[in-house]
Amino acid sequence: MGQYLPEQLSHAGKIVVIDYHKGNLSSVARGLVRAGWQAVEVSDDPATIEGAAGLVLPGVGAFADAMGFMEASGQAAAIKRAVAADTPILGICLGLQLMLERGDEGTPVDAPHAPWTAGLGLMRGSCTRLPGGRLKVPHVGWDQLHITEAGRACPLLAGVPEGANVYYTHSYAADADVAEQNVAARTHYARSFASVMWEGNAYGCQFHPEKSSGAGLVILRNFVRIVEGSATA
């Protein structure tokens with residue numbers, strides 16, 4: 001856990017990067033600081049999560065393992081309470097997938113609802129593996145965002161041009177059962193999948209904005225503005 005506190009900016013409250021004990025989260029925290037938020041904290045504490053001005057759920061690991069930890073630790077309940085209280089949240093890669101109703105990555109075969117593991121349920125739909133074949137899976141590298149009609153009104157994508165290149169590393173993605181009104185952008189690789197989703201104060205990117213150069217910084221700045229607007233409302 002740690003804090004990243006640049007001197008030049010001042011905002012009320014913290015953006016909390018949720019630590020579910022998988023991977024290095026410092027690049028996400030540094031990206032948020034570059035985007036303009038003064039106080040960013042990496043934390044695994046449910047009370048800190050629930051009291052944040054904004055939340056980022058980053059993505060490393062498998063769906064079932066991540067949900068198992070978040071449920072057992074109390075993080076999942078804290079996230080749901082925070083979002084219900086209008087705290088903005090941004091899911092990144094696996095983080096977006098966990099915001100859906102269910103996923104089939106890593107579910108034990110003897111689990112009660114196999115092959116599915118329940119997600120946070122912040123948006124409708126499921127997460128499944130990209131099909132193998134002509135294109136290599138996992139999908140790693142730069143690819144394009146194709147902004148949907150719904151996406152033109154999405155505050156997370158303000159100033160992001162059609163066809164912007166962003167950086168991916170994933171084998172799973174939102175499936176065709178997501179609600180079309182929640183799909184702000186699509187990417188076409190192995191199949192067409194929702195690469196940006198939006199429902200109320202919940203936002204998600206299948207790619208890594210913190211690794212996506214200029215377009216990614218615009219998206220992180222937009223999220224900072226969303227948090228700022230929510231905190232001053």
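The notes below deal with the structure included here. Nothing here was measured: the structure is a model prediction, and the numbers come from that model.

### A look at the overall build of the protein
So, point 1. Within the protein, the regular secondary structure consists of six helices and 15 strands.
So, point 2. Computed over the C-alpha atoms, the radius of gyration of the protein is 16 Å, within 12% of the 17 Å expected from 2.2 N^0.38 for a compact globule of 233 residues.
So, point 3. Based on the C-alpha atoms only, the size of the protein along its principal axes is roughly 50 × 40 × 30 Å.
So, point 4. Relative to its 233 residues, the protein shows a buried fraction of 55%.
So, point 5. Carbon and sulfur atoms make up 51% of the accessible area of the protein, which amounts to about 9800 Å² in all.
So, point 6. Positive and negative side-chain charges in the protein, numbering 17 and 22 respectively, have mean positions lying 6 Å apart.

### Considerations on the packing of aromatic side chains
So, point 1. Inspection of every chain in the model, using the stated rule, returns four aromatic pairs.
So, point 2. With 5.7 Å between their ring centres and 70 degrees between their planes, tryptophan 142 and tyrosine 167 make a pair best called edge-to-face. With tryptophan 142 in strand β9 (residues 139-144) and tyrosine 167 in strand β11 (residues 165-170), the pair connects residues that are 25 residues apart, well separated along the chain.
So, point 3. Look at tyrosine 167 and you get partly exposed, because its relative accessible area is 22%.

### Let's talk about the sheet that holds strand β6 (residues 102-103)
Adjacent strands of a sheet form backbone hydrogen bonds with each other and so pair up, either parallel or antiparallel.
So, point 1. Taken together, four strands build an open sheet; the order of strands is β7-β6-β8-β12 and the sheet is mixed. If you trace the sheet from one side to the other, it starts and ends with β7 (117-118) and β12 (172-174), each paired once.
So, point 2. Sheet topology note: the strand β8 (residues 126-129)/β12 ladder contains three bridges and is antiparallel. Pairing of cysteine 127 across the sheet is with alanine 174, part of β12.

### As for helix α6 (residues 213-232)
So, point 1. Look at α6: 29 Å from first C-alpha to last across 20 residues, which is about the 28 Å you get at 1.5 Å a residue.
So, point 2. For α6, the full list of buried residues reads Ala215, Gly216, Ile219, Leu220, Asn222, Phe223, Val224, Ile226 and Val227.

Conventions used here
- Residues numbered from 1 in each chain as written.
- Predicted model: local features only at pLDDT ≥ 70, side-chain atom pairs only at ≥ 80, totals over all residues.
- Heavy atoms only, no water.
- Helix = DSSP H or I, 4+ residues; strand = E, 2+ residues; numbered from the N terminus.
- Rg over C-alpha atoms; globule rule 2.2 N^0.38 Å.
- Buried < 20%, exposed > 50% of the residue type's maximum accessible area, 1.4 Å probe, protein only.
- Areas by Shrake-Rupley, 256 points an atom, 1.4 Å probe, with all protein chains shown as cover.
- Lys, Arg positive; Asp, Glu negative; His and termini not counted.
- Charge placed at Lys NZ, Arg CZ, Asp CG, Glu CD.
- Phe/Tyr/Trp six-rings, centres within 6.5 Å; stacked < 30°, edge-to-face > 60°.
- Pairing = 2+ DSSP bridges.
- Expected span 1.5 Å × (residues − 1).

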